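# Structural characterization, general
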Amino acid sequence: DTAVSQTPKYLVTQMGNDKSIKCEQNLGHDTMYWYKQDSKKFLKIMFSYNNKELIINETVPNRFSPKSPDKAHLNLHINSLELGDSAVYFCASRTGDGELFFGEGSRLTVL
Amino acid sequence: GEDVEQSLFLSVREGDSSVINCTYTDSSSTYLYWYKQEPGAGLQLLTYIFSNMDMKQDQRLTVLLNKKDKHLSLRIADTQTGDSAIYFCAEYKAAGNKLTFGGGTRVLVKP
């Protein structure tokens with residue numbers, strides 16, 4: 001049983017398209033995150049939700065919109081994709097002790 | 001990350017000890033973490049330390065924390081070829097409810 005699962009694992013699309021990445025955690029955690037890892041492996045936080053409410057929204061273009069239908073899910077929707085959006089996007093959920101458990105990542109390639 | 005810094009690269013011979021260093025800037029950090037990322041994979045939590053501790057040992061891993069200098073290190077004893085990966089340190093701040101990562105240290109273990 002995968003604790004934090006993301007779909008799709010790979011996504012190749014054209015510039016200008018809209019795409020979504022889904023994330024689900026079965027750990028019962030209240031807090032979930034989206035991180036972006038660029039080609040240099042640098043990890044940057046994008047969003048954080050606690051029990052379906054947005055609590056962190058870093059400087060991210062408003063083309064990126066997170067949606068949390070319930071506390072076990074945090075999806076990421078991206079409008080009007082640009083070349084610079086190509087990266088690996090990681091979902092994570094956090095325990096009360098502060099440990100983050102990461103999904104396997106979703107590699108987005110924009111052509 | 002600008003708040004957490006690591007050296008970029010470490011080369012070590014199989015069987016030797018590896019020491020990966022990290023510096024952080026925020027003294028209010030409550031937890032400090034080490035994550036491992038193998039090629040094409042997600043981030044695996046290796047160990048973490050509370051900010052009121054100065055050392056933690058877990059099998060081949062030893063974490064040292066110098067709060068005065070804001071310096072964190074991870075020592076891997078008897079390094080194996082399977083330890084080749086990128087290692088990220090991260091600090092967690094409860095106030096911001098987020099984990100900030102360093103840029104990662106790429107460890108290469110030579111036979």
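Everything below is about the structure printed above this text.
Residue numbers run consecutively from 1 along every chain, following the written order of its sequence. Chain letters and ligand numbers both follow the written order, the letters beginning at A and the numbers at 1. Two thresholds apply to this predicted model, a pLDDT of at least 70 for residue-level local features and 80 or more for giving and counting side-chain atom pairs, whereas whole-chain, interface and lining totals are computed over all residues. Heavy atoms throughout the structure, all of them, feed into the side-chain values; hydrogens and water do not.

### Observations concerning the sheet that holds strand β3 (residues 18–24) of chain B
All names here are of chain B. Note the cut-off: Only strands that DSSP links by at least two bridges are regarded as paired with each other. Only runs of H or I of at least four residues qualify as helices and only runs of E of at least two qualify as strands under DSSP, and these elements are numbered from the N terminus. Here the axes come from fitting lines to C-alpha atoms, over the contacting stretch only for helices, and the angles between their N-to-C directions go from 0 to 180 degrees.
Taken in spatial order, the five strands make up an open sheet running β1-β3-β8-β7-β6, and their pairing is antiparallel. At either margin of the open sheet sits one strand with a lone partner, and together these are β1 (4–6) and β6 (55–58). Shown here is a sheet whose adjacent strand axes are inclined to one another by a mean of 15°, direction ignored. The sheet contact formed by β3 and strand β8 (residues 71–76) spans six bridges and is antiparallel. Its bridge partner lying in β8, Ile20 is registered against Leu74.

### Thoughts on the side chain of Asp83 of chain B
Stated precisely, the cut-off is as follows: Only heavy atoms enter the contact rule, under which two residues are in contact if any of them lie within 4.5 Å.
By the element assignment, Asp83 of chain B lies in the loop between β8 and β9 (85–93). If we ignore the near neighbours within four places in the chain, the residues touching Asp83 of chain B are Lys36, Arg60, Ile76, Asp78, Val107 and Val109 of chain B.

### Focus on the nonpolar core
To be explicit about the condition: What makes a nonpolar core is a set of buried Ala, Val, Leu, Ile, Met, Phe, Trp, Tyr and Cys residues whose side-chain atoms join them at distances within 4.5 Å. Relative accessibility decides the category of a residue: with a 1.4 Å probe and only protein chains considered, values under 20% of the type maximum give buried, values over 50% give exposed, and everything between is partly exposed.
Counting residues in each nonpolar core, the largest one holds 21 residues, and the members touching the most others are Tyr35 and Phe102 of chain A together with Tyr35, Leu99 and Phe101 of chain B. Elements represented by at least two residues in this core include exactly β4 (31–37), β5 (43–50), β9 (87–94) and β10 (100–102) of chain A together with β4 (31–37), β5 (43–50), β9 and β10 (98–101) of chain B. Per-element tally for this core: the top contributor is β9 of chain B, with four residues. Once residues lying within four places of it in the same chain are set aside, the contact partners of Tyr35 of chain A are Leu43, Lys44, Ile45, Met46, Val88, Tyr89, Phe90, Leu100 and Phe102 of chain A together with Leu99 and Phe101 of chain B. Ranked by size, the runner-up nonpolar core spans 20 residues in total, among them Val4, Ile20, Ile76 and Val107 of chain B.

### Regarding the state of the cysteines
All names here are of chain A. For the record, the criterion: We call a pair of cysteine sulfur atoms a disulfide whenever their separation is within 2.5 Å.
Across all of its chains, the model carries two disulfides over all chains by this definition. Two residues share a disulfide in this structure: Cys23 and Cys91, whose sulfurs sit 1.8 Å from each other. Around the S-S axis, the bridge from Cys23 to Cys91 shows a dihedral of about -75° and counts as left-handed. Note that Cys23 is positioned in strand β3 (residues 19–25) and Cys91 in strand β9, a separation of 68 residues in sequence. Grouping residues by exposure puts Cys23 and Cys91 together as buried.

### What about the pairing of β3 of chain A?
Residue and element names in this part refer to chain A. Pairing of strand β1 (residues 4–7) with β3, which is carried by four bridges, proceeds in the antiparallel orientation. Its bridge partner lying in β3, Thr7 is registered against Lys22. The sheet contact formed by β3 and strand β8 (residues 73–78) spans four bridges and is antiparallel. Residue pairing in the sheet places Ser20 in a bridge with His77 of β8.

### What to know about the interface of chain A and chain B
Using the following cut-off: By buried area we mean the combined loss of accessible area, with a 1.4 Å probe, across both parts when two parts are placed together. Criterion for a salt bridge: a side-chain nitrogen of Lys or Arg within 4 Å of a carboxyl oxygen of Asp or Glu. For the purposes of these results, a polar contact is taken to be a pair of N or O atoms within 3.5 Å, where, inside protein, one atom must be able to donate a hydrogen and its partner to accept one; residues adjacent in sequence count only when each atom of the pair is a side-chain atom. Each residue is assigned to one class: nonpolar for Ala, Val, Leu, Ile, Met, Phe, Trp, Tyr, Cys and Pro, charged for Asp, Glu, Lys and Arg, and polar for all the others, Gly among them.
Each side of the interface is counted separately: chain A has 21 residues, and chain B has 20 residues. Together chain A and chain B conceal approximately 1,700 Å² of surface at their shared face, both sides included; 54% is due to carbon and sulfur atoms. Considering only the surface of chain A that becomes buried against chain B, Lys41, Leu43 and Phe102 of chain A emerge as the three largest contributors, covering 26% of it. There are zero salt bridges connecting chain A and chain B. On inspection of chain A and its partner chain B, the count reaches six residue pairs in polar contact (both at pLDDT 80 or more). Only β4, β5, β6 (53–57), β9 and β10 of chain A provide two or more residues apiece to the side of chain A that touches chain B. If one sorts the elements of the side of chain A that touches chain B by residue count, β4 of chain A sits on top with four residues. Of the residues that constitute the side of chain A that touches chain B, the class distribution is 10 nonpolar, five polar and six charged.

### Structural notes on a nonpolar patch on the surface
All names here are of chain B. Filter applied, for reference: Surface patches are defined over residues having more than 30% relative accessible area and no salt bridge, joining like charges when they lie within 9 Å and nonpolar side chains (Val, Leu, Ile, Met, Phe, Trp, Tyr) when within 5 Å. Methods summary: accessible areas were calculated by the Shrake-Rupley approach with a probe of 1.4 Å, and residue burial reflects only the protein chains presented.
Together, Leu8, Phe9 and Leu108 give the surface a local cluster of nonpolar side chains, amounting to about 330 Å² of exposed area. Looking at where Leu8 falls in the secondary structure, it is placed in the loop between β1 and β2 (9–13). Residue classification places Leu8 among the exposed positions, given a relative accessible area of 68%.

### Regarding the sheet that holds β1 of chain A
Either a parallel or an antiparallel arrangement is found when strands of a sheet pair, and the pairing is made through backbone hydrogen bonds. Residue and element names in this part refer to chain A. In space, the four strands of this open sheet follow the order β1-β3-β8-β7, with antiparallel pairing throughout. Strands at the two margins of the open sheet, each flanked by one partner only, are β1 and β7 (64–70). Pairs of neighbouring strands in the sheet enclose a mean axial angle of 20°, with direction left out of account. Examined bridge by bridge, β7 and β8 share five bridges and lie antiparallel to one another. When the sheet's bridge partners are listed, Asp70 is paired in β8 with His73.

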